[in-house]
Amino acid sequence: MQDFNGKVVVITGGATGIGFALARQFGQQGAQLLIAGMNPARLEHAAKELAGHASRVEIFECDVTDRNQVEALADFAWGKFKHVDVIVNNAGVGPVPSSVIDARPEDVQSVLAVNLFGVLHGVSVFGKRFIAQKTPCAIYNVGSENAFFNAIPEGAGYVASKHAVLAVTVALREEAPDFMDVALICPGLVRSELAKETQEGMDTDKYAAIVMKQIKAGEFYIMSHAYNFVRISARWREVEAAFTKYAPRYEGDIEFDVRTLGAKNGWYPRYPDASADLPV
């Protein structure tokens with residue numbers, strides 16, 4: 001989606017940080033805004049701040065870990081605007097620091113509840129309505145540099161949540177109808193309230209402007225922090241070395257490729273071209 005003038009954009013976690021900065025960017029593109037969050041006072045303050053950047057701003061209190069509340073957010077959105085064009089699944093929490101061995105299950109689950117299931121709820125609830133609406137639409141999920149490598153020591157639960165958002169969003173792109181745009185927004189270190197380290201991060205408004213440029217260009221992977229590619233490349237060089245040593249390519253090696261076998265045996269009837277290369 002390249003033109004947001006007059007479009008209705010819903011942003012979870014939109015009262016602060018990246019969500020708020022993205023709301024301002026969408027507003028400057030002519031979008032009408034609905035920002036959701038858990039703190040009514042902050043939502044009110046954000047709405048006042050955004051009033052000078054958008055033609056219309058609505059707010060809604062919502063805990064994305066509760067699917068019923070996300071359904072209520074969608075009900076409110078369609079009730080107020082009669083249609084919705086974009087959902088930005090941005091709400092997130094930072095890590096609960098711990099080694100993998102010492103991590104408490106409840107701490108990991110609390111992070112996954114927001115960072116993964118909050119995204120899944122937004123995708124499912126709004127995605128179903130977008131499909132029923134049958135008009136051009138977009139789902140933008142906010143992942144992280146941590147979707148590609150472990151940027152945070154002793155934060156495996158958080159890193160796992162962002163790896164999962166990558167997997168969900170890649171799957172969504174494949175499954176989405178032609179009129180639905182999908183993108184994965186991958187922040188590096190950006191100033192926010194998630195953790196103390198973010199105070200050393202990229203200016204939030206600068207970051208949001210970088211994101212908007214790529215959204216309007218129709219990109220899927222929305223990137224920003226150049227040095228991340230060094231970290232990502234190091235991981236994939238290690239993976240490549242393991243394949244080269246222990247599972248090198250050979251003629252006919254497609255014999256055990258699950259996509260090829262799936263297409264041949266009809267395992268995935270919705271995807272008759274399942275053996276084709278995925279988009280890169």
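Residue positions are given per chain, counting from 1 as you read along its sequence in written order. It should be noted that, the model being predicted, local features are given only for residues of pLDDT at least 70 and side-chain atom pairs only at 80 or more, the latter also being counted only at that level, while totals for whole chains, interfaces and linings use all residues. Side-chain descriptors were evaluated using all non-hydrogen atoms of the structure, hydrogens and water having been removed beforehand.

Trainee: Explain unusual backbone geometry to me, please; I cannot follow it from the model alone.
Mentor: Trans is the prevailing form of peptide bonds, just as negative phi is the prevailing case for residues other than glycine. Of note in the backbone geometry, Lys 82 takes a positive phi value of approximately 75° without being a glycine. Within the secondary structure layout, Lys 82 lies in the loop between α3 (67–81) and β4 (86–89). With a phi close to 55°, Glu 154 is a non-glycine residue in the positive phi region. The numbering of helices and of strands both runs from the N terminus, where a helix is a DSSP run of H or I of at least 4 residues and a strand a run of E of at least 2. If you trace the backbone, Glu 154 turns up in the loop between β5 (137–142) and α6 (156–175).

Trainee: Honestly, the packing of helix α1 (residues 17–28) against helix α7 (residues 204–216) in this entry has me stumped. Any pointers?
Mentor: Helix-helix packing: each pair is described by the crossing angle between the helix axes and the interaxial distance. What counts as an axis is a line fitted to C-alpha atoms, over the stretch in contact for a helix, and the angles between N-to-C directions run from 0 to 180 degrees. Following both chains from N to C, one finds α1 and α7 inclined at 55°, their axes separated by 9 Å at the closest point. Relative to α7, α1 is oriented oblique. α7 is crossed by α1, and the crossing has right-handed handedness. Along its contact with α1, which presents Gly 17, Ile 18, Ala 21, Leu 22, Arg 24, Gln 25 and Phe 26, the element α7 presents Thr 204, Asp 205, Tyr 207, Ala 208, Ala 209, Val 211, Met 212 and Ile 215. When residues are grouped by polarity, Ala, Val, Leu, Ile, Met, Phe, Trp, Tyr, Cys and Pro land in nonpolar, Asp, Glu, Lys and Arg in charged, and all others, Gly among them, in polar. Its residues assigned to classes, the contact of α1 with α7 shows 10 nonpolar, 3 polar and 2 charged. Relative orientations are named as follows: roughly parallel for angles under 35 degrees, roughly antiparallel for angles over 145 degrees, roughly perpendicular for angles from 65 to 115 degrees, and oblique for any other angle. Here is the rule for handedness: rotate from the far helix to the near one, and if that takes an anticlockwise turn smaller than a right angle the crossing is left-handed, while a clockwise turn gives right-handed. Any two residues whose heavy atoms approach within 4.5 Å at even a single point are treated as in contact.

Trainee: Which parts of the structure should I look at to understand the environment of Met 1?
Mentor: Here Met 1 is to be found in the segment before β1 (8–12). Residue classification places Met 1 among the buried residues on the basis of a relative accessible area of 12%. Residues Met 1 and Lys 216, 215 residues apart in the sequence, show an inter-C-alpha distance of 6.3 Å. In contact with Met 1, not counting residues within four places along its chain, are Lys 7, Asp 85, Val 86, Pro 136, Cys 137, Ala 138, Tyr 140, Asp 181, Ile 215 and Lys 216. Each residue is placed in one exposure class: buried if its accessible area under a 1.4 Å probe, protein chains only, is under 20% of its type's maximum, exposed if it is over 50%, and partly exposed if it falls in between.

Trainee: Sorry if this is basic, but what is going on with the pairing of β1 here?
Mentor: One face of the sheet, then the other: side chains in a regular strand alternate in exactly this way. Of all the 5 residues making up β1, 5 are buried; the element is thus mostly covered by neighbouring parts of the structure. The alternating pattern of β1 places Val 8, Val 10 and Thr 12 and Val 9 and Ile 11 on opposite faces, both of which are buried. Pairing analysis gives 5 bridges linking β1 to strand β2 (residues 32–37), with the strands arranged parallel. Each bridged residue has a counterpart across the sheet, and for Val 9 the counterpart in β2 is Leu 33. By convention, a crossover is right-handed whenever its connection, traced from the first strand over the helix to the second and viewed with the strands pointing away, goes clockwise. After leaving β1, the chain enters α1 and then returns to the sheet as β2, a path that is right-handed. Two elements, β1 and β4, share 3 bridges in a ladder whose sense is parallel. Looking at β4, one finds that Val 10 is bridged to Ile 87. Think of it this way: DSSP has to see at least two bridges between two strands before they count as a pair.

Trainee: Explain α3 to me, please; I cannot follow it from the model alone.
Mentor: The periodicity of an α-helix, 3.6 residues per turn, causes residues three or four places apart in sequence to face the same way. Between its terminal C-alpha atoms α3 stretches 21 Å, which fits the 21 Å expected from 15 residues at 1.5 Å a residue. All buried positions along α3 are accounted for by Val 70, Leu 73, Ala 74, Ala 77, Trp 78 and Phe 81. Seen end-on, α3 carries its buried residues on one side only, within an arc spanning 125°. For this analysis, a polar contact is any N or O atom pair within 3.5 Å, provided that within protein one partner can donate a hydrogen and the other can accept it, and provided that sequence-adjacent residues contribute only side-chain to side-chain pairs. The N-capping residue of α3, defined by a side-chain oxygen 2.9 Å from the backbone nitrogen of Asn 68, is Asp 66. Phi turns positive one or two residues past the end of α3, at Lys 82, with a value near 75°. The span one expects for a helix is its residue count, reduced by one, times 1.5 Å. Starting at the helix axis, one direction is taken to each C-beta atom, and the arc is that of these directions.

Trainee: Looking at this structure, how should I read the nonpolar core?
Mentor: One broad rule of soluble globular proteins: the nonpolar side chains tend to lie buried together. Remark: nonpolar core denotes a set of buried residues (Ala, Val, Leu, Ile, Met, Phe, Trp, Tyr, Cys) joined through side-chain atoms within 4.5 Å. Of all hydrophobic cores here, the largest spans 37 residues; its most connected members are Val 10, Leu 73, Val 84, Phe 126, Phe 130 and Phe 148. Mapped by element, the contributors of at least two residues to this core are β1, β2, α3, α5 (117–133), β5, α6 and β6 (180–185). Formed by 35 residues, the second largest nonpolar core is a distinct cluster that contains Leu 33, Val 86, Tyr 140 and Ala 208.

The analysis is restricted to geometry; functional conclusions fall outside its scope.
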